[in-house]
Amino acid sequence: MMNNDVLRSIRYMLDISDSKVVDIIKLGGFDVTKAQIMAYMKKDEEEGFEPCSDEVMAYFLDGLVFFKRGKDESRPPLPIELPMTNNIVLKKLRVAFELKEDDMHAILKAAEFPVSKPELSALFRKAGHNNYRPCGDQLLRNFLRGLTLRVRG
């Protein structure tokens, strides 16, 4: 899934402004301008569209964790994870929204995209692990839709 799609989806889910997105990325430790965010929010075919880099997405997701849960100043920031994958996006959203396994299942079920317990846990394994499974675009899209239903519902 494109980083821009994830960014647009989360912005809609939380009903936040472009300025707030800038603030969240700054919380993560990176500087962007409101003009850049506006370019990321445009549709691919719109004039002025800019693809959102993995780096910006990584800082946004880290900032989202701090925005939702608060920042522990006593702990040094962890290095960002690159390249960005759907699995990393899913992990960061689980942390930011403090979701347990049951919450994850309920969210996917609400989006009419249920997955089994082993399928879900495979998404959170380290790449290279025997049971690791890459998170597909369809699963991430449905998870974002289900999470939006939960947050905005």
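Owing to the predicted nature of the structure, the values given are computational and were not obtained by experimental measurement. (Residues numbered from 1 in each chain as written. Predicted model: local features only at pLDDT ≥ 70, side-chain atom pairs only at ≥ 80, totals over all residues. Heavy atoms only, no water.)

## Points about the overall build of the protein chain
Alright, step 1. Counting secondary structure elements, the protein chain contains eight helices and zero strands.
Alright, step 2. Rg of the C-alpha trace for the protein chain: 15 Å, near the compact-globule value of 15 Å for 153 residues, within the 12% margin.
Alright, step 3. Taking the principal axes of the C-alpha coordinates as reference, the protein chain spans close to 40 × 40 × 30 Å.
Alright, step 4. Within the protein chain, the proportion of its 153 residues that are buried is 42%.
Alright, step 5. Of the contacts made within the protein chain by residues no fewer than 6 positions apart, 69% connect residues no fewer than 24 positions apart.
Alright, step 6. Looking at the protein chain as shown, the accessible area adds up to about 8600 Å², and 49% of this sits on carbon and sulfur atoms.
Alright, step 7. With 24 positive and 23 negative side-chain charges, the protein chain shows a spacing of 5 Å between the two charge centroids. (Helix = DSSP H or I, 4+ residues; strand = E, 2+ residues; numbered from the N terminus. Rg over C-alpha atoms; globule rule 2.2 N^0.38 Å. Buried < 20%, exposed > 50% of the residue type's maximum accessible area, 1.4 Å probe, protein only. Contact = heavy atoms within 4.5 Å. Areas by Shrake-Rupley, 256 points an atom, 1.4 Å probe, with all protein chains shown as cover. Lys, Arg positive; Asp, Glu negative; His and termini not counted. Charge placed at Lys NZ, Arg CZ, Asp CG, Glu CD.)

## Some thoughts on unusual backbone geometry
Glycine aside, negative phi is the norm for most residues, and most peptide bonds take the trans geometry.
Alright, step 1. Following L82, the chain continues into P83 via a peptide bond in cis, with omega recorded as -5°.
Alright, step 2. Topologically, P83 is positioned in the loop between α4 (54-69) and α5 (86-96).
Alright, step 3. Phi is positive for E112, which is not a glycine, with a value near 55°.
Alright, step 4. Position of E112 among the secondary structure elements: in the loop between α6 (101-110) and α7 (117-123).
Alright, step 5. You can call E112 exposed: its relative accessible area is 72%.

## Digging into the pattern of salt bridges
Alright, step 1. All told, the structure shown has seven salt bridges when counted by the stated rule.
Alright, step 2. The partner of R8 in a salt bridge is D5, with the nearest N and O atoms 2.6 Å apart. One end of the pair, R8, and the other, D5, are both in helix α1 (residues 3-14), three residues apart, so they sit about a helical turn from each other.
Alright, step 3. Between D62 and K92 there is a salt bridge, and its shortest N-O distance comes to 2.5 Å. Of this pair, D62 sits in helix α4 while K92 is found in helix α5, placing the two residues 30 residues apart along the sequence. Across the pair, exposure class does not vary: D62 and K92 are buried alike.
Alright, step 4. Among the charged side chains, a network of salt bridges with common partners joins D5, R8 and D44. (Salt bridge = Lys/Arg side-chain N within 4 Å of Asp/Glu carboxyl O.)

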